[in-house]
Amino acid sequence: MDHARGTEIRLRIFFVVLAVVAVILGVRLAYWQVVRGPELRAAAVSQLARPVEIPAIRGSIRDRNGAILAITAYRDRLVAYPKLIPEEERAEAARTLGTILELSPSAALALEEDLVAGGEYVLVDRAIDEEASQAIRAAIEEGRIDGAGIGLEPQPFRVYPLSGGEPGTTLASRLLGFVSSEGKGSYGVEQSWDATLAGSPTIVEASRDPFGRPLGSSARVIEAGAAGADLTLTIDAALQLRLEKELYTAWVADKAKRVSGVILDPESGAVLAWATVPGYDANDYAAAWSRDPSLFIDPIAGLVYEPGSVMKMLTAAAALESRRIRPGTPIYDAPKLEFDPYTVRNADHEGMGRIPFRDVIAYSRNVGTARVAARLGRTTERAAETLHAMWDRLGIGRTTGIGLSGESAGIAADPAKRPWAEIDLANRSFGQSVLVTQVQLAAAFAPMVNGGMRVEPHLVTAVGETASERPAPARALPAGVAGQLRAMLDHVTGAVPWYAEGSLIPGYLVGGKTGTAQIWRQAKGHYSKDVFNFSFVGYVGGDTPEAVVALRIEEARAFSPEQGQIEIAMTSYELFRRVALGVIDVLAIPRSEIPGAGFPEPLSEADRELTPNRYLNHRAELARGLDPRIAFWNRYLPAGALESGEVAENGEGVLTEIDARESEGSGAETASRRSRDDGRDRGRERGRDRGAAGGDAGAPASPAPEGRP
């Protein structure tokens, strides 16, 4: 009995405990199902349904006429899910894919190993072409590949459809940049306007299978995106191509590091073309990166350099505005100018004696320009302030507003912060110890040819259907000063024989200024002896200027780097003429109705050497008391604004002066002319002209400027 009684008690205890446990489990289950149920269901769904970003269609980039420069297309990404392919078919599937994709033996073997291993996911190729996609789809339909384990996923990619002027490149590659495999704009317009072009992605939530693939029926939009906006650029694709071809020719001929050019509309500031050679194929930017990452840097806005004598025109602007100097003001040009312990010299180490200021600029005399700079104020301090104020007004030392990331402001030392010494004023007057960009130079020259108005360079004319707003042009120079400066640009190309021969275009107005600058070698602490930067900034037009052209031949090695005889295969002014002919052709510029347009200046050295019959006619006019030079010098000034003292009292007196100047004679001026003529003859015998015959490359006279790169 006792044993049975004990057994009964133990059973009762067991059932009580079991009941208690059941109650506890029931309560707990109810807690999870009722109280925590919604939370747990949401957590479970969240593990199966994850948000996905679907990139917006990137906006296209077009030129001013609608030509497509960059557009988004689609290619399939090829992926594999080996676990879904029957084990015995994996190797054959890999071999089929390898044949379609034309993989190398090593790549085909690696793919076979990946599929045979039976992993969950393999990225076979990020982007295959349409032909390969169609071949894979056909293989799936024919049963040669198990479609459950192979995926073709459409992916956007950027296409640059137009070929550039340099073989193996796309058009405007350095200007446009590219879009990375992650969909980010890199360099150039693609980077600077990335937010506008990219738009905003669509956020979609969708359930996924065990292999992470989205289940289409479960997708729902969480956040609607917006397509990227199209950009319309100011550039003309046809002119861009012509520019690139000409730059490529010069790059090959001169064996230069780079050759760059920008063409600007002087009235609006719109960029008509913008190019640097060498460029790259933006459709294969990875290959360009492995070859030379510096190809992605745009030197026109992003790199600075000492421009040399093109800056003499800014000194001329300050001098003419001060009214201390006029184009015909006599300036004494000696072989050198001492600033103890420094010396400024002309490139040919000669002096031309007393010559008009316009000839100081035309023959690019360093000493004469330094003397003019000293006259800008009663003291060096005031003169420096005057010159720097002109730089600032014309945009030197600050960004232009072009809208490209990485644009440099240059280095233009402010005398208010650190006073200039006399040697600093002299050097900076002819373009040493100041660092600029090409786009700054183009913008600075625009007011000289458009009547004195400062314009903001820009690349984008419309975003989508909305036209871009630009600041209104602002007065930068008095109209009379601008007219004198434009006439001086014409004088450079019209009076100097080698410039006239290399740059004039009959029937069209052209003018400009050369610059040949030595290159500072930071590591060595001195200027290079045989490698130079050659620049030309000028304009071309019919009756009015249609384009400002700024060119730079970077680090070209001279054939004969003697003083005053710096020779290269294609000079900057010859390159300008070729580019200007392209401008005339593409923009369909009509011939000028201005008498003498595109011909040498009357009674100049160029007139005597290049058009001797016209020269004799001009001498006859002068003998009758008419000076044909006056109309040339003042054709951009208001009527009645001829300079006093410019008109000869009688033609015979001027003829006597010209005859004396043309005779053998003696003295510094004749020696300088003989030196230039000898050098030009040698250049013609060798089939080329000189890059700095008139004295563009001055001897360095002071230590490197602060902040030199």
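Notes on the structure follow. Fair warning: this is a prediction, and the values are worked out from it, not measured in the lab.

Criteria and thresholds
Residues numbered from 1 in each chain as written. Predicted model: local features only at pLDDT ≥ 70, side-chain atom pairs only at ≥ 80, totals over all residues. Heavy atoms only, no water. Helix = DSSP H or I, 4+ residues; strand = E, 2+ residues; numbered from the N terminus. Buried < 20%, exposed > 50% of the residue type's maximum accessible area, 1.4 Å probe, protein only. Contact = heavy atoms within 4.5 Å. Areas by Shrake-Rupley, 256 points an atom, 1.4 Å probe, with all protein chains shown as cover. Axes fitted to C-alpha atoms, helices over the stretch in contact; angles between N-to-C directions. Parallel < 35°, antiparallel > 145°, perpendicular 65-115°, else oblique. Left-handed = near helix turned anticlockwise from the far one by under 90°. Nonpolar A, V, L, I, M, F, W, Y, C, P; charged D, E, K, R; others polar. Salt bridge = Lys/Arg side-chain N within 4 Å of Asp/Glu carboxyl O. Patch = residues over 30% accessible without salt bridge, like charges linked within 9 Å, V, L, I, M, F, W, Y side chains within 5 Å. Lys, Arg positive; Asp, Glu negative; His and termini not counted. Charge placed at Lys NZ, Arg CZ, Asp CG, Glu CD. Phe/Tyr/Trp six-rings, centres within 6.5 Å; stacked < 30°, edge-to-face > 60°. Lys NZ or Arg CZ within 6 Å of the ring centre and 35° of its normal. Pairing = 2+ DSSP bridges. Core = buried A, V, L, I, M, F, W, Y, C linked by side-chain atoms within 4.5 Å.

1. Here's the deal with the overall build of the chain
Here is step 1: Scanning the chain from N- to C-terminus turns up 25 helices and 23 strands.
Here is step 2: The proportion of buried residues among the 709 residues of the chain is 50%.
Here is step 3: Across the chain, every contact between residues at least 6 apart in sequence was considered, and the portion connecting residues at least 24 apart equals 73%.
Here is step 4: When the accessible surface of the chain is totalled, it reaches about 31,400 Å², and 53% of it is carbon and sulfur.

2. Remarks on the packing of helix 15 (residues 380-393) against helix 16 (residues 422-429)
For any two helices packed against each other, the geometry is given by the interaxial angle and the distance between the axes.
Here is step 1: Between helix 15 and helix 16, the shortest axis-to-axis distance is 10 Å and the interhelical angle comes to 30 degrees. Compared by their axis directions, helix 15 and helix 16 come out roughly parallel. Here the hand of the crossing between helix 15 and helix 16 comes out left-handed. Residue-level contacts link T380, A383, A384, L387 and W391 of helix 15 to E422, L425, R428 and S429 of helix 16.
Here is step 2: Taken together, the residues of the contact of helix 15 with helix 16 sort by class into five nonpolar, two polar and two charged.

3. So, the packing of helix 12 (residues 312-322) against helix 14 (residues 366-374)
Here is step 1: Axis separation between helix 12 and helix 14 bottoms out at 10 Å; the angle between their running directions is 35 degrees. Two packed elements cross with a definite hand, and for helix 12 against helix 14 that hand is left-handed. Here helix 12 contributes K312, T315 and A319 to the contact with helix 14, which in turn contributes N366, T369, V372 and A373.
Here is step 2: Split by residue class, the contact of helix 12 with helix 14 holds three nonpolar, three polar and one charged.

4. Quick word on unusual backbone geometry
Here is step 1: In the segment running from V277 into P278, the intervening peptide bond is cis, with an omega of 5 degrees.
Here is step 2: Of note, P278 is situated in the loop between strand 12 (271-277) and helix 10 (285-291).
Here is step 3: Note the cis peptide between D340 and P341, where omega equals 5 degrees.
Here is step 4: Within the chain, E555 stands out as a residue other than glycine whose phi angle is a positive 50 degrees.
Here is step 5: Residue position: E555 is located in strand 23 (residues 545-557).

5. As for the pattern of salt bridges
Here is step 1: Taken as a whole, this structure holds 23 salt bridges when the rule is applied.
Here is step 2: Here E246 makes a salt bridge to R578, at a shortest N to O gap of 2.6 Å. Here R578 lies in helix 20 (residues 572-586) and E246 lies in helix 9 (residues 237-254), a separation of 332 residues in the sequence.
Here is step 3: Residue R578 is classed as partly exposed on the basis of its relative accessible area, which comes to 35%.

6. A look at a negative patch on the surface
Here is step 1: Where like charges cluster on the molecular surface, the negative patch consists of E102, D129, E130 and E131.
Here is step 2: In this fold, E130 is placed in helix 5 (residues 130-141).
Here is step 3: The class of E130 is partly exposed, set by a relative accessible area of 46%.

7. Regarding the packing of aromatic side chains
Here is step 1: With the rule as written, the count across this model stands at 15 aromatic pairs.
Here is step 2: Pairwise contacts between aromatic rings join F178, Y187, Y280, Y285, W289 and F296 into one cluster.
Here is step 3: Between R428 and the ring centre of W420, over which it is positioned, the NZ or CZ distance is 4.7 Å.
Here is step 4: Positioned above the aromatic ring of Y305, the side-chain terminus of R552 is 3.9 Å from the ring centre.

8. A look at the side chain of H491
Here is step 1: On the secondary structure map, H491 appears in helix 18 (residues 479-495).
Here is step 2: Judged by relative accessible area, H491 falls into the buried class, the value being 4%.
Here is step 3: Residues within four places of H491 in sequence aside, it is in contact with R358, D359, A362, V496, E601, F632 and W633.

9. What to know about the pairing of strand 15 (residues 342-345)
The side chains of a regular strand alternate, first on one face of the sheet and then on the other.
Here is step 1: Inspection of the sheet shows strand 14 (residues 336-339) paired to strand 15 by four bridges, in the antiparallel sense. Pairing of E338 across the sheet is with T343, part of strand 15.
Here is step 2: A loop of two residues connects strand 14 with strand 15, the two strands running antiparallel in sequence.

10. Comments concerning the nonpolar core
Here is step 1: Of all hydrophobic cores here, the largest spans 127 residues; its most connected members are I263, W274 and M448.
Here is step 2: In contact with I263, other than residues within four places in its own chain, are L239, L243, A270, V271, L272, A273, A547, V548, V549, V579 and V583.
Here is step 3: One finds A80, A93, L97 and A139 within the second-largest nonpolar core, a separate group that totals 16 residues.

11. Focus: the pairing of strand 3 (residues 68-80)
Here is step 1: Bridge count between strand 2 (residues 61-62) and strand 3: two bridges; the pairing is antiparallel. Considered in strand 3, the bridge of R62 is made with I68.
Here is step 2: Judged from the 10 bridges that link them, strand 3 and strand 5 (residues 150-159) form a sheet pairing that is antiparallel. Directly across from V79, in strand 5, lies its bridge partner G151.
Here is step 3: Bridge analysis of strand 3 against strand 4 (residues 122-128) gives four bridges, and the strand direction is antiparallel. Its bridge partner being in strand 4, A80 is matched across the sheet by V122.

12. Things to note about helix 12
Here is step 1: Judged by how many residues are buried, helix 12 sits mostly within the fold: nine of 11 residues are covered.
Here is step 2: Of the positions making up helix 12, those classed as buried are K312, M313, L314, T315, A316, A317, A318, A319 and L320.
Here is step 3: Immediately downstream of helix 12, the backbone of R323 shows phi near 65 degrees, a positive value.

13. Quick word on the environment of A238
Here is step 1: Positionally, A238 belongs in helix 9.
Here is step 2: Taking the relative accessible area as the measure of exposure, A238 reaches 42% and is therefore partly exposed.
Here is step 3: Considered as a pair, A238 and L171 are 67 residues apart in the sequence and their alpha carbons are 9.9 Å apart.

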